[in-house]
Amino acid sequence: MAASGAGSPCRLVQYVVVRSDLVHKLSWPLGAVITQACHAATAAIHLHYADTDTQQYLAELDSMHKVVLAAPDEASLSGLSEKLTEVGVAHKLWIEQPENIPTCLALKPCPKETVQPLMRKFKLFK
C-alpha cells in the first residue's frame, strides 16, 4: 500500500466483521456471505460519507485497506456492535431482511491504531 502522504501518521482502514458460523455451521453459500459483507461495507461508507476519514479513504481509491474478520456467532457479533456503540465507534450492523438476521458489521473507515485494540479478539475470516 502506498503511503497516504509524506509524514502521514495514520493508516485508514475499514474493518468488516462477518459471522463465520453462517458458512461453517449454517451452510450458507460463500457468495451469500460475501454479499453480506459488501452490503455492510457500502452502508457504513454511505452513512458516514461526509466524515473526514471516509472522504480521505475514498480519495485514495487505489489504496483502500480493508480487514475482514470472523465473529464466531450472532452473540459475539452483537456484543461487538454494543461495545463499538458504547465507545463511540461508528459502524453499521447489517441485518439481513426479511429474515431479520444480523450477519456482519462494518466500521466506517478510521485510523487503524484507534480501533485495532477493539478488534484484537477476532481472527481473519477464513
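Cut-offs and rules
Along each chain, numbering runs from 1 in the same order as the chain's sequence is written. With pLDDT at 70 or above as the cut-off, local features in this predicted model cover only qualifying residues; side-chain atom pairs require 80 or more to be listed or tallied, and sums for whole chains, interfaces and linings still use all residues. The basis for every side-chain value is the complete set of non-hydrogen atoms in the structure, without hydrogens or water. Think of it this way: any DSSP run of H or I at least four residues long counts as a helix, any run of E at least two long counts as a strand, and we number them from the N terminus. When a residue's accessible area, from a 1.4 Å probe over protein chains only, is under 20% of the maximum for its type it is buried; when over 50% it is exposed; and in between it is partly exposed. Pairs of N or O atoms are called polar contacts if they sit within 3.5 Å, as long as, within protein, a hydrogen donor faces a hydrogen acceptor (for residues adjacent in sequence, only side-chain-to-side-chain pairs). When checking whether two residues touch, look at their non-hydrogen atoms; a contact exists if any pair is within 4.5 Å. One side-chain nitrogen of Lys or Arg within 4 Å of one carboxyl oxygen of Asp or Glu is enough to make a salt bridge. Expected helix span is given by 1.5 Å per residue-to-residue step, counting one fewer step than there are residues. What the arc covers is the set of directions going from the helix axis to the C-beta atoms.

Draft legend 1. The side chain of Gln36, seen in detail. When you line up the elements, Gln36 lands in helix H2 (residues 30–47). What makes Gln36 buried here is its relative accessible area of 4%. A polar contact of 2.9 Å, which involves the side chain of Gln36, links it to the side chain of Thr103. Contact partners of Gln36, with chain neighbours within four places excluded, come to Trp28, Trp94, Glu96, Thr103 and Cys104.

Draft legend 2. Highlighting the pattern of salt bridges. Throughout the structure, instances matching the rule amount to 5 salt bridges. Measuring nitrogen to oxygen at the nearest pair gives 2.9 Å for the salt bridge that ties Asp21 to Arg19. Taking the relative accessible area as the measure of exposure, Asp21 reaches 9% and is therefore buried. Within the structure, one salt-bridge network assembled from shared partners comprises Arg19, Asp21 and Glu74.

Draft legend 3. Seen up close, helix H4 (residues 74–87). Along its 14 residues, H4 runs 20 Å from first to last C-alpha, staying within 8% of the 20 Å computed at 1.5 Å per residue. Inspection of H4 places Ser76, Leu77, Leu80, Ser81 and Leu84 among the buried residues, and these make up the whole buried set. Burial along H4 is one-sided: seen end-on, the buried residues are contained in an arc of 140°. With respect to the buried face of H4, the exposed residues turned more than 90 degrees away are Ala75, Glu82, Thr85 and Glu86.

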